[in-house]
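Architecture at a glance
Given next are the chains, with one letter for each unit.
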Amino acid sequence: MTTTVERSGIPPLEGRSRSHAVAELLFRFRELGIVLALVIVVGATALDNHRFVSSTSLQQLLSGASIIALLAIGETIVIVTRNVDLSIGSILGISAYAVGVTFAHHPDVPIPVVFLVAGGIGVACGIVNGAIVTIARVPSLVVTLGTLYVIRGIDAAWAGGNQVGAASLPDSFGKIGYGTILGVPYLGIVAVVAVAIATYAMRTFRTARDFYAIGSNPEAARLAGIPVGRRVFLAFVLSGGIAGLAGAVWLSYFGSVDSIAGAGYEFQVIAAVVVGGVAIFGGSGTVLGAALGALLLNTIDSALVVVKVSSNWNQALAGALLVGAIAFDRLIAVRVAPAFRTRRSARG
(Lines give C-alpha, C1' and ligand atoms only; values in the text may rest on other atoms or scores of the structure.)
Protein backbone atom coordinates (compact mmCIF):
# COMPACT_ATOMS: atom_id res chain seq x y z
CA MET A 1 0.00 0.00 0.00
CA THR A 2 1.42 3.40 -0.96
CA THR A 3 1.84 5.75 2.00
CA THR A 4 1.15 9.47 2.05
CA VAL A 5 4.86 10.17 2.45
CA GLU A 6 5.70 8.10 -0.61
CA ARG A 7 2.98 9.78 -2.69
CA SER A 8 4.22 13.24 -1.72
CA GLY A 9 7.68 12.47 -3.00
CA ILE A 10 9.28 13.28 0.37
CA PRO A 11 12.02 10.77 1.28
CA PRO A 12 11.35 8.67 4.37
CA LEU A 13 12.79 10.03 7.62
CA GLU A 14 15.28 7.17 7.79
CA GLY A 15 16.55 7.96 4.28
CA ARG A 16 16.85 11.64 5.06
CA SER A 17 18.77 10.90 8.28
CA ARG A 18 21.14 8.65 6.37
CA SER A 19 21.83 11.27 3.69
CA HIS A 20 22.35 13.93 6.35
CA ALA A 21 24.77 11.64 8.17
CA VAL A 22 26.78 11.09 5.00
CA ALA A 23 26.80 14.83 4.28
CA GLU A 24 27.95 15.64 7.80
CA LEU A 25 30.72 13.05 7.53
CA LEU A 26 31.92 14.66 4.31
CA PHE A 27 31.69 18.09 5.92
CA ARG A 28 33.89 17.08 8.83
CA PHE A 29 36.48 15.01 6.98
CA ARG A 30 37.09 16.84 3.74
CA GLU A 31 40.82 16.74 4.41
CA LEU A 32 40.74 12.99 3.73
CA GLY A 33 39.51 13.69 0.22
CA ILE A 34 42.46 16.02 -0.39
CA VAL A 35 44.89 13.37 0.83
CA LEU A 36 43.27 10.84 -1.50
CA ALA A 37 43.55 13.29 -4.41
CA LEU A 38 47.23 13.81 -3.58
CA VAL A 39 47.86 10.07 -3.62
CA ILE A 40 46.11 9.73 -6.98
CA VAL A 41 47.99 12.64 -8.58
CA VAL A 42 51.39 11.50 -7.30
CA GLY A 43 50.74 7.85 -8.19
CA ALA A 44 49.47 8.59 -11.70
CA THR A 45 52.36 10.95 -12.44
CA ALA A 46 54.92 8.50 -11.05
CA LEU A 47 53.63 5.84 -13.44
CA ASP A 48 54.38 8.20 -16.32
CA ASN A 49 57.75 9.35 -14.94
CA HIS A 50 59.24 7.59 -11.91
CA ARG A 51 61.57 10.54 -11.23
CA PHE A 52 58.55 12.49 -9.99
CA VAL A 53 58.82 10.64 -6.67
CA SER A 54 62.58 11.01 -6.32
CA SER A 55 63.87 12.62 -3.15
CA THR A 56 64.87 15.81 -4.97
CA SER A 57 61.47 16.14 -6.62
CA LEU A 58 59.60 15.57 -3.37
CA GLN A 59 61.79 18.15 -1.62
CA GLN A 60 60.95 20.70 -4.29
CA LEU A 61 57.24 19.91 -4.00
CA LEU A 62 57.29 20.40 -0.25
CA SER A 63 59.37 23.58 -0.37
CA GLY A 64 57.25 25.12 -3.12
CA ALA A 65 54.03 24.45 -1.24
CA SER A 66 55.40 25.66 2.12
CA ILE A 67 55.23 29.38 1.35
CA ILE A 68 51.64 29.10 0.07
CA ALA A 69 50.78 27.04 3.15
CA LEU A 70 52.19 29.75 5.44
CA LEU A 71 50.13 32.42 3.70
CA ALA A 72 47.10 30.12 3.85
CA ILE A 73 47.20 30.18 7.66
CA GLY A 74 46.46 33.90 7.81
CA GLU A 75 44.02 33.77 4.91
CA THR A 76 42.10 30.97 6.62
CA ILE A 77 41.67 33.06 9.75
CA VAL A 78 40.28 35.95 7.71
CA ILE A 79 37.98 33.85 5.52
CA VAL A 80 36.59 32.02 8.55
CA THR A 81 35.29 35.41 9.77
CA ARG A 82 33.44 35.87 6.45
CA ASN A 83 36.04 38.26 5.02
CA VAL A 84 38.90 38.01 2.53
CA ASP A 85 42.42 39.43 2.33
CA LEU A 86 43.59 40.07 -1.24
CA SER A 87 46.64 42.08 -0.18
CA ILE A 88 48.77 39.21 1.13
CA GLY A 89 50.79 38.86 -2.09
CA SER A 90 51.72 42.54 -2.02
CA ILE A 91 52.54 42.38 1.70
CA LEU A 92 54.81 39.41 1.02
CA GLY A 93 56.52 41.32 -1.80
CA ILE A 94 57.23 44.53 0.09
CA SER A 95 58.36 42.58 3.18
CA ALA A 96 60.74 40.47 1.09
CA TYR A 97 62.19 43.60 -0.51
CA ALA A 98 62.59 45.26 2.88
CA VAL A 99 64.56 42.24 4.13
CA GLY A 100 66.75 42.29 1.03
CA VAL A 101 67.48 46.01 1.40
CA THR A 102 68.25 45.54 5.10
CA PHE A 103 70.83 42.88 4.31
CA ALA A 104 72.27 44.98 1.46
CA HIS A 105 72.89 47.95 3.75
CA HIS A 106 73.62 46.04 6.97
CA PRO A 107 75.26 42.71 6.06
CA ASP A 108 75.87 41.74 9.68
CA VAL A 109 72.31 42.25 10.89
CA PRO A 110 71.08 39.23 12.92
CA ILE A 111 68.57 37.04 11.11
CA PRO A 112 65.91 37.36 13.86
CA VAL A 113 65.98 41.14 13.33
CA VAL A 114 65.09 40.89 9.63
CA PHE A 115 62.21 38.58 10.49
CA LEU A 116 61.00 41.17 12.99
CA VAL A 117 61.25 43.83 10.26
CA ALA A 118 59.26 41.68 7.83
CA GLY A 119 56.66 40.78 10.44
CA GLY A 120 56.37 44.41 11.54
CA ILE A 121 55.67 45.59 7.99
CA GLY A 122 53.04 42.89 7.63
CA VAL A 123 51.38 43.83 10.92
CA ALA A 124 51.29 47.50 9.90
CA CYS A 125 49.56 46.57 6.63
CA GLY A 126 47.15 44.33 8.52
CA ILE A 127 46.30 47.16 10.91
CA VAL A 128 45.40 49.39 7.97
CA ASN A 129 43.22 46.70 6.41
CA GLY A 130 41.53 45.81 9.67
CA ALA A 131 40.88 49.41 10.67
CA ILE A 132 39.22 50.33 7.38
CA VAL A 133 37.09 47.16 7.40
CA THR A 134 35.96 47.42 11.03
CA ILE A 135 35.86 51.18 11.67
CA ALA A 136 34.85 52.52 8.27
CA ARG A 137 32.77 49.35 7.61
CA VAL A 138 33.99 49.00 4.04
CA PRO A 139 33.72 45.46 2.59
CA SER A 140 36.99 43.59 2.94
CA LEU A 141 37.02 42.65 -0.74
CA VAL A 142 37.08 46.34 -1.71
CA VAL A 143 39.55 47.34 1.00
CA THR A 144 42.14 44.66 0.34
CA LEU A 145 41.83 44.97 -3.43
CA GLY A 146 42.72 48.63 -2.98
CA THR A 147 45.60 48.01 -0.58
CA LEU A 148 46.89 45.29 -2.91
CA TYR A 149 47.60 47.98 -5.51
CA VAL A 150 48.66 50.63 -3.00
CA ILE A 151 51.27 48.37 -1.41
CA ARG A 152 52.43 47.14 -4.80
CA GLY A 153 52.81 50.75 -5.96
CA ILE A 154 54.82 51.68 -2.86
CA ASP A 155 57.03 48.65 -3.42
CA ALA A 156 57.60 49.58 -7.07
CA ALA A 157 58.45 53.18 -6.18
CA TRP A 158 60.83 52.00 -3.47
CA ALA A 159 62.58 49.43 -5.65
CA GLY A 160 62.73 51.71 -8.66
CA GLY A 161 63.54 48.83 -10.99
CA ASN A 162 66.39 47.61 -8.78
CA GLN A 163 66.90 44.05 -7.63
CA VAL A 164 68.51 42.67 -4.49
CA GLY A 165 70.53 39.61 -5.52
CA ALA A 166 71.74 36.53 -3.70
CA ALA A 167 75.21 38.10 -3.26
CA SER A 168 73.71 40.53 -0.74
CA LEU A 169 72.23 37.75 1.40
CA PRO A 170 74.26 35.84 4.00
CA ASP A 171 74.64 32.09 3.52
CA SER A 172 73.00 31.42 6.88
CA PHE A 173 69.84 33.18 5.70
CA GLY A 174 69.80 31.46 2.33
CA LYS A 175 70.15 28.08 4.03
CA ILE A 176 66.64 28.51 5.45
CA GLY A 177 65.33 28.26 1.91
CA TYR A 178 67.43 25.39 0.55
CA GLY A 179 68.76 23.52 3.61
CA THR A 180 67.53 20.09 4.67
CA ILE A 181 67.50 17.90 7.78
CA LEU A 182 67.58 14.17 7.07
CA GLY A 183 66.34 14.95 3.58
CA VAL A 184 63.45 17.12 4.78
CA PRO A 185 63.63 20.78 3.66
CA TYR A 186 63.82 23.44 6.37
CA LEU A 187 60.90 25.19 4.70
CA GLY A 188 58.79 22.06 5.00
CA ILE A 189 59.60 21.78 8.69
CA VAL A 190 58.78 25.46 9.24
CA ALA A 191 55.43 25.04 7.45
CA VAL A 192 54.51 21.87 9.37
CA VAL A 193 55.33 23.46 12.72
CA ALA A 194 53.42 26.64 11.84
CA VAL A 195 50.37 24.68 10.66
CA ALA A 196 50.47 22.51 13.80
CA ILE A 197 50.60 25.56 16.08
CA ALA A 198 47.82 27.31 14.17
CA THR A 199 45.67 24.16 14.19
CA TYR A 200 46.07 23.81 17.95
CA ALA A 201 45.27 27.49 18.47
CA MET A 202 42.17 27.39 16.25
CA ARG A 203 40.85 24.38 18.16
CA THR A 204 41.74 25.52 21.66
CA PHE A 205 41.56 29.27 22.21
CA ARG A 206 38.32 31.13 22.76
CA THR A 207 39.31 33.85 20.32
CA ALA A 208 39.50 31.27 17.54
CA ARG A 209 36.05 29.98 18.42
CA ASP A 210 34.85 33.56 18.16
CA PHE A 211 36.22 33.69 14.60
CA TYR A 212 34.05 30.74 13.64
CA ALA A 213 31.00 32.16 15.42
CA ILE A 214 31.39 35.46 13.56
CA GLY A 215 31.68 33.68 10.23
CA SER A 216 28.62 31.53 10.92
CA ASN A 217 26.37 34.44 11.91
CA PRO A 218 27.84 37.90 12.63
CA GLU A 219 24.62 39.26 14.14
CA ALA A 220 24.14 36.27 16.43
CA ALA A 221 27.78 36.55 17.50
CA ARG A 222 27.28 40.22 18.32
CA LEU A 223 24.15 39.43 20.35
CA ALA A 224 26.12 36.74 22.19
CA GLY A 225 28.55 39.39 23.41
CA ILE A 226 31.44 38.62 21.05
CA PRO A 227 33.43 41.77 20.16
CA VAL A 228 33.01 41.27 16.42
CA GLY A 229 34.92 44.37 15.34
CA ARG A 230 37.95 43.60 17.48
CA ARG A 231 38.04 39.98 16.39
CA VAL A 232 37.86 40.84 12.69
CA PHE A 233 40.54 43.50 13.21
CA LEU A 234 42.74 40.88 14.90
CA ALA A 235 42.19 38.47 12.01
CA PHE A 236 43.55 41.01 9.52
CA VAL A 237 46.50 41.85 11.76
CA LEU A 238 47.39 38.16 12.04
CA SER A 239 47.03 37.69 8.29
CA GLY A 240 49.28 40.67 7.60
CA GLY A 241 51.90 39.60 10.13
CA ILE A 242 52.04 36.07 8.76
CA ALA A 243 52.31 37.41 5.18
CA GLY A 244 55.20 39.63 6.29
CA LEU A 245 57.07 36.71 7.84
CA ALA A 246 56.34 34.66 4.72
CA GLY A 247 58.06 37.43 2.72
CA ALA A 248 61.32 36.80 4.57
CA VAL A 249 60.94 33.06 4.00
CA TRP A 250 60.19 33.70 0.31
CA LEU A 251 63.43 35.65 -0.11
CA SER A 252 65.46 32.90 1.57
CA TYR A 253 64.01 30.41 -0.91
CA PHE A 254 64.31 32.39 -4.15
CA GLY A 255 67.50 34.28 -3.28
CA SER A 256 66.65 37.55 -5.04
CA VAL A 257 63.82 40.05 -4.96
CA ASP A 258 62.41 42.94 -6.97
CA SER A 259 59.19 44.94 -7.04
CA ILE A 260 57.05 42.16 -8.53
CA ALA A 261 57.79 39.58 -5.85
CA GLY A 262 54.64 37.79 -4.70
CA ALA A 263 52.48 39.05 -7.58
CA GLY A 264 49.46 36.80 -7.99
CA TYR A 265 50.05 34.88 -4.78
CA GLU A 266 46.77 36.08 -3.32
CA PHE A 267 44.78 34.09 -5.86
CA GLN A 268 46.91 30.97 -5.40
CA VAL A 269 46.41 31.17 -1.65
CA ILE A 270 42.65 31.72 -1.83
CA ALA A 271 42.36 28.79 -4.24
CA ALA A 272 44.37 26.59 -1.85
CA VAL A 273 42.28 27.65 1.14
CA VAL A 274 38.94 27.02 -0.57
CA VAL A 275 40.05 23.78 -2.20
CA GLY A 276 41.26 22.77 1.27
CA GLY A 277 37.72 22.94 2.61
CA VAL A 278 37.53 26.42 4.13
CA ALA A 279 34.06 27.79 3.35
CA ILE A 280 34.37 31.00 1.32
CA PHE A 281 31.21 32.20 3.08
CA GLY A 282 32.86 31.82 6.49
CA GLY A 283 32.22 29.81 9.62
CA SER A 284 33.97 26.53 8.82
CA GLY A 285 37.26 25.07 7.68
CA THR A 286 40.66 24.22 9.11
CA VAL A 287 44.23 25.42 8.72
CA LEU A 288 45.29 21.83 8.07
CA GLY A 289 42.87 21.57 5.15
CA ALA A 290 44.16 24.84 3.69
CA ALA A 291 47.77 23.61 3.93
CA LEU A 292 46.82 20.35 2.24
CA GLY A 293 45.08 22.38 -0.46
CA ALA A 294 48.32 24.29 -1.06
CA LEU A 295 50.24 21.03 -1.34
CA LEU A 296 47.65 19.57 -3.74
CA LEU A 297 47.67 22.56 -6.09
CA ASN A 298 51.47 22.73 -6.11
CA THR A 299 51.65 19.00 -6.80
CA ILE A 300 49.19 19.30 -9.69
CA ASP A 301 51.23 22.16 -11.20
CA SER A 302 54.41 20.07 -11.03
CA ALA A 303 52.63 16.99 -12.36
CA LEU A 304 51.40 18.88 -15.41
CA VAL A 305 54.97 19.89 -16.20
CA VAL A 306 56.19 16.31 -15.83
CA VAL A 307 53.52 14.91 -18.17
CA LYS A 308 54.29 17.73 -20.63
CA VAL A 309 50.95 19.48 -20.43
CA SER A 310 51.01 23.17 -21.36
CA SER A 311 51.43 25.48 -18.37
CA ASN A 312 48.46 27.44 -19.71
CA TRP A 313 46.25 24.75 -18.18
CA ASN A 314 47.58 25.33 -14.65
CA GLN A 315 45.41 28.35 -13.94
CA ALA A 316 42.43 26.82 -15.75
CA LEU A 317 42.63 23.70 -13.59
CA ALA A 318 43.11 25.73 -10.41
CA GLY A 319 40.08 27.81 -11.31
CA ALA A 320 38.01 24.71 -12.01
CA LEU A 321 39.00 23.23 -8.66
CA LEU A 322 38.11 26.51 -6.96
CA VAL A 323 34.64 26.64 -8.51
CA GLY A 324 34.11 22.96 -7.78
CA ALA A 325 35.17 23.37 -4.15
CA ILE A 326 32.80 26.30 -3.63
CA ALA A 327 29.92 24.40 -5.22
CA PHE A 328 30.71 21.32 -3.15
CA ASP A 329 30.90 23.41 0.01
CA ARG A 330 27.49 24.94 -0.63
CA LEU A 331 25.98 21.55 -1.43
CA ILE A 332 27.32 20.00 1.75
CA ALA A 333 26.26 23.01 3.82
CA VAL A 334 22.71 22.73 2.51
CA ARG A 335 22.62 19.02 3.33
CA VAL A 336 24.26 19.36 6.75
CA ALA A 337 22.33 22.37 8.06
CA PRO A 338 18.97 20.53 8.27
CA ALA A 339 20.70 17.67 10.10
CA PHE A 340 22.13 20.05 12.67
CA ARG A 341 18.73 21.72 13.16
CA THR A 342 17.02 18.33 13.55
CA ARG A 343 19.62 17.22 16.09
CA ARG A 344 19.23 20.42 18.12
CA SER A 345 15.45 20.03 18.09
CA ALA A 346 15.72 16.43 19.25
CA ARG A 347 17.99 17.45 22.11
CA GLY A 348 15.60 20.26 23.04
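A word on the confidence of the model for the protein chain. Of the residues in the protein chain, 84% have a pLDDT of 70 or more, and the chain-wide mean is 84. Long-range and interchain partners of residues 1–16, a stretch whose pLDDT sits below 50, account for 7 contacts in this model, where long-range means more than four residues apart.

This brings us to the nonpolar core. Judged by nonpolar contacts, the single largest core of 65 residues is most densely connected at Leu71, Val99, Phe173, Trp250, Leu251 and Val257. Broken down by element, the residue count for this core peaks at 11 residues, all from helix α4 (residues 55–80). Leaving out residues up to four positions away in the same chain, Phe173 has contacts with Val99, Phe103, Ile111, Val114, Phe115, Ala248, Leu251 and Ser252.

With that settled, consider the environment of Ala303. Its place among the elements puts Ala303 in helix α14 (residues 287–306). The spacing of Ala303 and Leu61 is 242 residues in sequence and 10.0 Å in space, taken between C-alpha atoms. Excluding residues within four positions of it along the chain, Ala303 makes contact with Val41, Thr45 and Phe52.

Once that is clear, we can look at the pattern of salt bridges. Inspection of every chain in the model, using the stated rule, returns 2 salt bridges. Note that Asp210 and Arg231 form a salt bridge whose closest N and O atoms lie 2.9 Å from each other. Taken as a pair, Asp210 in helix α10 (residues 206–216) and Arg231 in helix α12 (residues 228–254) lie far apart in primary sequence, 21 residues in all. Across the pair, exposure class does not vary: Asp210 and Arg231 are buried alike.

Positive phi outside glycine occurs at Arg82, with the angle close to 70 degrees. Structurally, the position occupied by Arg82 is in the loop between α4 and α5 (88–105). With relative accessibility at 42%, the residue Arg82 sits in the partly exposed group. At Leu182, a position not held by glycine, the phi torsion is positive, near 55 degrees. Judged by its relative accessible area of 87%, Leu182 falls in the exposed class.

Take a nonpolar patch on the surface next. On the surface, Ile181, Leu182, Val184, Ile189, Val193 and Ile197 cluster together into a nonpolar patch covering about 560 Å² of accessible area. With 3 residues, the top contributor of residues to the nonpolar patch is helix α9 (residues 186–204). As for its placement among the helices and strands, Ile181 is situated in strand β1 (residues 180–181). Under the relative-accessibility criterion, Ile181 is labelled partly exposed at 41%.

Calculation rules
Residues numbered from 1 in each chain as written. Predicted model: local features only at pLDDT ≥ 70, side-chain atom pairs only at ≥ 80, totals over all residues. Heavy atoms only, no water. pLDDT = per-residue confidence, 0-100. Contact = heavy atoms within 4.5 Å. Core = buried A, V, L, I, M, F, W, Y, C linked by side-chain atoms within 4.5 Å. Buried < 20%, exposed > 50% of the residue type's maximum accessible area, 1.4 Å probe, protein only. Helix = DSSP H or I, 4+ residues; strand = E, 2+ residues; numbered from the N terminus. Salt bridge = Lys/Arg side-chain N within 4 Å of Asp/Glu carboxyl O. Patch = residues over 30% accessible without salt bridge, like charges linked within 9 Å, V, L, I, M, F, W, Y side chains within 5 Å. Areas by Shrake-Rupley, 256 points an atom, 1.4 Å probe, with all protein chains shown as cover.

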